[in-house]
Amino acid sequence: MQWLLKDKNYYILTTNQDTQFEKVFPIEKISAIQGDWKYLQCNRRCHDKLYDSVELLHKINAEIDVALKIPTEMGPHCPHCGAELEPWVRSRVFLEGKKYKEEHQKLSDFLRKNMNKKVLFLELGVGRMTPMFIQEP
Ligand SMILES: [Zn+2]
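Reading guide: rules and limits
Residues numbered from 1 in each chain as written. Predicted model: local features only at pLDDT ≥ 70, side-chain atom pairs only at ≥ 80, totals over all residues. Heavy atoms only, no water. Helix = DSSP H or I, 4+ residues; strand = E, 2+ residues; numbered from the N terminus. Buried < 20%, exposed > 50% of the residue type's maximum accessible area, 1.4 Å probe, protein only. Contact = heavy atoms within 4.5 Å. Areas by Shrake-Rupley, 256 points an atom, 1.4 Å probe, with all protein chains shown as cover. Lys, Arg positive; Asp, Glu negative; His and termini not counted. Charge placed at Lys NZ, Arg CZ, Asp CG, Glu CD. Donors = N, O, S within 2.8 Å, 3.2 Å for Na, K, Ca; no water. Tetrahedral: all angles 85-135°; square planar, octahedral: opposite > 155°, others 65-115°. Expected span 1.5 Å × (residues − 1). Pairing = 2+ DSSP bridges. 1 Å grid on protein atoms, 1.4 Å probe; cavity = no way out; pocket = protein on both sides within 12 Å on 5 of 7 lines; lining within 4 Å. Points joined across faces, edges and corners; volume = space filled by probe spheres on them. Nonpolar A, V, L, I, M, F, W, Y, C, P; charged D, E, K, R; others polar.

Engineer: Lay out the overall build of the protein chain in plain terms, naming residues and giving numbers.
Structural biologist: When you go through the protein chain residue by residue, the secondary structure sums to three helices and five strands. Looking at the protein chain as a whole, 32% of its 137 residues qualify as buried. Pairs at least 24 apart in sequence give 51% of the contacts found in the protein chain among residues at least 6 apart. By element, 56% of the accessible surface of the protein chain is carried by carbon and sulfur atoms, the whole surface being about 9800 Å². Counting 21 positive and 19 negative side-chain charges, the protein chain places the centres of these two groups 7 Å from one another.

Engineer: Tell me about the coordination of the zinc ion, and name the residues and values.
Structural biologist: Around the zinc ion, the protein contributes the donor atoms Cys42 (SG), Cys46 (SG), Cys78 (SG) and Cys81 (SG), which lie 2.3 Å from the metal centre. Considering all four donor atoms around the zinc ion, the spread of angles at the metal, 100 to 120°, places the coordination shape in the tetrahedral class. Look at where the donors of the zinc ion fall in the sequence and you get C-x3-C-x31-C-x2-C. One end of the pair, Cys42, is in strand β3 (residues 35-42); the other, Cys78, is in the loop between α2 (54-62) and β5 (85-89), and 36 residues separate them in sequence.

Engineer: Could you give an account of helix α3 (residues 98-113), naming the residues involved and the relevant values?
Structural biologist: The first and last C-alpha atoms of α3 sit 22 Å apart over 16 residues, in line with the 22 Å expected at 1.5 Å per residue. Looking at the packing, one finds that the buried side of α3 touches β1 (12-14), β2 (30-32) and β5.

Engineer: Could you give me a rundown of the sheet that holds strand β4 (residues 51-52), with the residues and numbers involved?
Structural biologist: If you walk across this open sheet you meet the three strands as β4-β3-β5, and the pairing is antiparallel. Two strands in the sheet have a free side with no partner beyond their single neighbour: β4 and β5. Here five bridges tie β3 to β5, and the two strands are oriented antiparallel to one another. Residue pairing across strands places Leu40 opposite Pro87, the latter belonging to β5.

Engineer: Quick rundown of the pairing of β3? Include the residues and the values.
Structural biologist: When a strand is regular, its side chains alternate between the sheet's two faces. Taken across its eight residues, β3 has seven buried, putting it largely inside the fold. Two strands pair when backbone bridges link them, and β3 and β4 are joined in this way by two bridges, in the antiparallel orientation. By the bridge assignment, Leu40 is partnered in β4 with Tyr51.

Engineer: Tell me about the side chain of Glu103, and name the residues and values.
Structural biologist: One can find Glu103 in helix α3. With relative accessibility at 5%, the residue Glu103 sits in the buried group. Among residues more than four places away in sequence, those in contact with Glu103 are Tyr11, Ile30, Ser31 and Ala32.

Engineer: Explain the layout of surface pockets residue by residue, including any values.
Structural biologist: Quantified by volume, the largest pocket comes out at close to 1200 Å³. Around the largest pocket sit 33 residues that line it, and Tyr11, Ile12, Leu120, Phe121 and Leu122 are the ones nearest its centre. For the lining of the largest pocket, the secondary-structure elements that each account for two or more residues are α1 (2-5), β1 and α3. Ranked by residue count, the leading element in the lining of the largest pocket is α3, at four residues. Taken together, the residues of the lining of the largest pocket break down into 22 nonpolar, seven polar and four charged.

Spelled out as structure tokens, the structure:
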């Protein structure tokens, strides 16, 4: 796909949460509007900060024992309220704070900048689970 978009004015809106687009395309050209597994959030949404999960998950992975358990104290907790941290991905407690708004703003900026041009909307692999994010608008 990268070669196909070379020298093109493009933008990627994705409901994927797996960071795969970031491996190929610049992050400023991507809006991951359903969250991203590389971040953690307070499951009580007590504050609007996301925490990097990658380093933590490597540490936890190294501590998995033969029974496939980790020490309880390694479970990540919110430094403000003590609630569990959970992946920042669409759920009933999904944090729609600063980062979420930034992702939408990047898309809006691209669309506004190109509103008087011919725009091709190419939708790939989007199912009917969450049509309200890409298909319906
Ligand atoms: Zn909290």
